[in-house]
Amino acid sequence: MNQNLPNSFRSGPDERGHFGIFGGRFVAETLMPLILDLEKAYADAKADPAFQAEMNVYLKDYVGRPSPLYFAERLTEHLGGAKIYLKREELNHTGSHKVNNVLGQIMVARRMGKKRIIAETGAGQHGVATATLCARFGLECVVYMGAVDVERQQPNVIRMEMLGAKVVPVQSGARTLKDAMNDALRDWVTNVHNTFYCIGTVAGPHPYPMMVRDFQSIIGHETRKQMQEAEGRLPDSLIACIGGGSNAMGLFHPFLDDPSVEIFGVEAAGHGLTQLHAASLAGGRPGVLHGNRTYLLMDADGQIEEAHSISAGLDYPGIGPEHAWLHETGRVKYLSATDEEALAAFQLLSRLEGIIPALESAHAIAKLSELAPQRPKDHLMVVNLSGRGDKDVPQVGDILKARQK
Amino acid sequence: MSTRIDARFAELKQQGRSAFVTFVMAGDPDAKTSLDILKALPKAGADVIEIGMPFTDPMADGPSIQAAGLRALKGGMTLRKTLAMVRDFRKDDNTTPIVLMGYYNPIYIYGVESFLADAKTAGVDGLIIVDLPPEEDTELCIPAMKAGLNFIRLATPTTDDKRLPAVLANTSGFVYYVSITGITGAATADSNAVAEAVARIKRHTKLPVCVGFGIRTPETARAIAENANGAVVGTAIVDVVRANLDAEGRATPKTVSAVADLVSALAQGVRGAKQAAE
Ligand SMILES: Cc1ncc(COP(=O)(O)O)c(C=O)c1O
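Residues numbered from 1 in each chain as written. Chains lettered and ligands numbered in written order. Predicted model: local features only at pLDDT ≥ 70, side-chain atom pairs only at ≥ 80, totals over all residues. Heavy atoms only, no water.

## Focus: the overall build of chain A
And step 1. Across its full length, chain A carries 16 helices and 14 strands.
And step 2. On C-alpha atoms alone, chain A measures out to a radius of gyration of 20 Å, which is about the 22 Å that the 2.2 N^0.38 rule sets for 405 residues.
And step 3. Each principal axis of the C-alpha atoms in chain A carries an extent, and together these give about 55 × 55 × 50 Å.
And step 4. Taking all 405 residues of chain A together, the buried fraction comes to 65%.
And step 5. For chain A, the proportion of contacts with a sequence separation of at least 24, taken over those separated by at least 6, is 74%.
And step 6. Carbon and sulfur atoms make up 52% of the accessible area of chain A, which amounts to about 13,900 Å² in all.
And step 7. One way to put it: in chain A the 41 positive side-chain charges average out to a point 3 Å from where the 47 negative ones average out. (Helix = DSSP H or I, 4+ residues; strand = E, 2+ residues; numbered from the N terminus. Rg over C-alpha atoms; globule rule 2.2 N^0.38 Å. Buried < 20%, exposed > 50% of the residue type's maximum accessible area, 1.4 Å probe, protein only. Contact = heavy atoms within 4.5 Å. Areas by Shrake-Rupley, 256 points an atom, 1.4 Å probe, with all protein chains shown as cover. Lys, Arg positive; Asp, Glu negative; His and termini not counted. Charge placed at Lys NZ, Arg CZ, Asp CG, Glu CD.)

So this is what it looks like as structure tokens:
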């Protein structure tokens, strides 16, 4: 663990986009001028009260915020420990937290005069959010998606197409999220003059990890306020799943400087940490990919390895650089949940609370059965329910049916 | 510090001609064939050799070069073996400049200091690392200069006059002008636009300017070489490697000679050009 703990965990990144040794801007020269423009455009927007005011209107009336903080009474009784609250990001328009970030980036893109938006997507939730806001603002939208994910997330592919987006199935590599990101970067290098790249998580070159975190921090800010209203104090612990880590960063960030709040991120352990998985902190090392330095799954020669998770949205061999830093400073504890644990949690939440979670969010739910029973009954625990499971119903249905035979 | 690159460009200037720079992927399709190709390049007319260091996620490369990298990795290529290949090449050729081109992660994992020391000993002269802009110079560029290796930077159509000084600040050996906004092997370079861009860069630097991305034929190579100090061809060569593999992706008796034939034709194109104005 890092001995020189900072005064604040919330002040990063530095002006060059670094969180400790993580982050930075590792991109081709073609993209650098645009990334510097974006950094400036975002700084201008952030300082402009009119920008936030306009965002707030859409957040309320289009996205449907604030999302509720719901006391999960039956789940709490079942686990017999901490009082469990769910932050209901799955109730957002388009069904996940992704829309918070996309709204922000599309607003920035509009300020920059960009007419063409590209995105990469794993589970399709980020793609759907991007397609939705492009439809709303009349922008051209192209979404890169690994061919494997196009297969396993059909409902979202159909949604994106209905919304007018072009979905490009990516055939290179393992044909999942990492490869979709490579192809989106290639498109961006090619069409840099008119194209805005809307990144779906807290990764990529600076300023993306910071900008996406800022847009997602509304989750944590609302949680603070709502918990004050419900219980008159801060929560005692927070839990969220991690793909790139945007829903987690959004919940965590406003609480990082509150030492009384325990914070847990949950990576996807796939078939198990000694087999195929997507847990970059538990099973990876620091390296450089997709514009930033962070923990990555790779071999001894620095070649990137394929990730595996039952959940397409967590199936990425990296993690946002701020998480890498929070891991090394010890501020956040990173756990992992296997495919099997996520499947069990998916069913548990559906049965007990009448809420079908996204397989991604089910990874966070899965860790409750370890964490909650060990805590006293007055312990306030918040789980980020990052998305709803509609998109996963066919996939999980097939798995359960196969098991009944 | 003077490297084989500096010596080669001084020599070409005396001869009054531009350089022909070839790109091949280390270990494509296997280590032995790749070394044979390397050895054939100077004889076929290559003045400078760029060797691709294979990487799983080459985000600025098109399908041809990406596939070549994956073929090499499948054949067991590593960064360590790439350096060994340069060492083997140097046994018979101590003058042709060798530039390694690739992405940062394998070097970062190898360890920057040991990589630079091993590369220098192996006979590498310069590095082109696509995902290290001047903003990240402290990572590798500055240490490479200290180790006696040229760090060759890419300038692109999006690098305007305001940004050029930053791009050129720690560049040495030559400047690599990327003639298109896009990935390798995509569009064809427009020689007029390129001439203008090269003239613009030359207002900021005395270094030779070589142009790559989008050059496939002897005619384009010649048109580019009229206005630049060098023309770089990569995808077209890599495509010939692929076209001369058997159904299982293994080398055939024609692989090396087919590459040499294309390289000779391209070299003649470049040599047909009159030298760029200084
Ligand atoms: C519902 C849901 N949760 C979580 C994630 C993972 O992304 P992140 O870790 O950036 O929140 C995704 C990604 O697609 C998602 O759809």
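## Description of helix 10 (residues 218–227) of chain B
All names here are of chain B.
And step 1. Of all the residues in helix 10, the buried ones are T220, A221, I224 and A225. Around the axis of helix 10, the buried residues are gathered within 130° of arc, so they sit on the same side.
And step 2. At its buried positions, helix 10 is contacted by helix 9 (191–202), strand 8 (209–212), strand 9 (230–233) and helix 12 (255–272). (Arc of directions from axis to C-beta.)

## Some words on the site of the ligand
Residues and elements named next belong to chain A.
And step 1. Neighbouring the ligand are 18 residues, the closest being T201, G243, G245, S246 and S386.
And step 2. H97 places a polar side-chain atom, nitrogen or oxygen, 2.9 Å from an oxygen atom of the ligand.
And step 3. Contact distances for the ligand include 2.7 Å between an oxygen atom and a backbone N or O atom of G245.
And step 4. Burial of the ligand by the surrounding chains reaches 98%, relative to a free accessible area of 390 Å².
And step 5. Across the shell around the ligand, the residue classes break down as 5 nonpolar, 11 polar and 2 charged. (Near = heavy atom within 4 Å. Polar contact = N/O pair within 3.5 Å; in protein donor to acceptor, adjacent residues only side chain to side chain. Nonpolar A, V, L, I, M, F, W, Y, C, P; charged D, E, K, R; others polar.)

## Details of the UniProt feature "modified residue: N6-(pyridoxal phosphate)lysine" (unreviewed entry) in chain A
And step 1. UniProt records the feature "modified residue: N6-(pyridoxal phosphate)lysine" (unreviewed entry) for K98 of chain A in the present numbering.
And step 2. For K98 of chain A, the residues in contact, after removing those within four places along its chain, are Q125, H126, A129, G200, T201, Q216 and S246 of chain A. (UniProt positions renumbered as here; feature names shortened; annotations may be inferred.)

## Some details on the nonpolar core
And step 1. Counting residues in each nonpolar core, the largest one holds 167 residues, and the members touching the most others are L100, F115, L127, L140 and Y176 of chain B.
And step 2. At 8 residues, the largest contribution of residues to this core is made by helix 12 of chain B.
And step 3. What Y176 of chain B contacts, discounting residues up to four positions off in sequence, is E50, M101, I128, I152, R153, L154, A155, C210, G212, F213 and V232 of chain B.
And step 4. With 36 residues, the next largest nonpolar core counts I310, L343, A366 and L385 of chain A among its residues. (Core = buried A, V, L, I, M, F, W, Y, C linked by side-chain atoms within 4.5 Å.)

## Details of the side chain of D187 of chain A
And step 1. As for its placement among the helices and strands, D187 of chain A is situated in helix 8 (residues 177–190).
And step 2. Not counting the four nearest positions on each side in its chain, D187 of chain A is found in contact with R116, I118, Y144 and T195 of chain A.

## Structural notes on the UniProt feature "domain: Tryptophan synthase beta chain-like PALP" (unreviewed entry) in chain A
And step 1. Here the UniProt-annotated "domain: Tryptophan synthase beta chain-like PALP" (unreviewed entry) positions come out as residues 64–387 of chain A.
And step 2. Its end C-alpha atoms 14 Å apart, residues 64–387 of chain A is made of 41% helix and 20% strand.

## Structural notes on the UniProt feature "active site" (unreviewed entry) in chain B
And step 1. Those residues carrying the UniProt feature "active site" (unreviewed entry) are E50 and D61 of chain B in this numbering.
And step 2. Within the secondary structure layout, E50 of chain B lies in strand 2 (residues 48–52).
And step 3. Ignoring sequence-local partners within four residues, the contact set of E50 of chain B consists of V21, T22, F23, V24, V99, M101, I128, Y176 and V232 of chain B.
And step 4. Relative to the assigned elements, D61 of chain B resides in the loop between strand 2 and helix 3 (63–74).
And step 5. With residues up to four places along the chain from it excluded, the contact list for D61 of chain B reads R186 of chain A together with Q66, Y103, I183 and T184 of chain B.

## Details of the interface of chain B and chain A
And step 1. Counting from both sides, the interface comprises 37 residues of chain B and, opposite them, 34 residues of chain A.
And step 2. Summing both sides of the interface, chain B and chain A together bury roughly 2,900 Å²; the carbon and sulfur share of this comes to 52%.
And step 3. Among the salt bridges present, the one from K178 of chain A reaches D57 of chain B, with a minimum N-O distance of 2.9 Å.
And step 4. Here chain B is connected to chain A by 18 residue pairs in polar contact (both at pLDDT 80 or more).
And step 5. At the level of elements, helix 3, helix 5 (104–110) and strand 6 (154–155) of chain B are the ones that each hand at least two residues to the side of chain B that touches chain A.
And step 6. Of the residues forming the side of chain B that touches chain A, the biggest block, 5 residues, is contributed by helix 5 of chain B.
And step 7. A per-class count over the side of chain B that touches chain A returns 20 nonpolar, 10 polar and 7 charged. (Buried area = accessible area lost by both parts, 1.4 Å probe. Salt bridge = Lys/Arg side-chain N within 4 Å of Asp/Glu carboxyl O.)

## Some details on the sheet that holds strand 3 (residues 69–71) of chain A
Residues and elements named next belong to chain A.
And step 1. The sheet built from 6 strands is open, its strands ordered 3-4-14-9-10-13 with mixed pairing. The open sheet has two free edges, formed respectively by strand 3 and strand 13 (333–338), since each of these has just one partner strand. In this sheet, adjacent strand axes meet at a mean angle of 25° when their direction is disregarded.
And step 2. The strands touched by helix 14 (residues 339–353) are strand 3, strand 4 (83–87), strand 10 (262–270) and strand 13; relative to strand 13, the strand with the most contacts, the crossing angle is about 85°.
And step 3. Across the sheet, helix 15 (residues 359–371) lies against strand 4, strand 9 (237–241), strand 10, strand 13 and strand 14 (380–384), angled at about 140° from strand 9, the strand it touches most. (Pairing = 2+ DSSP bridges. Axes fitted to C-alpha atoms, helices over the stretch in contact; angles between N-to-C directions.)

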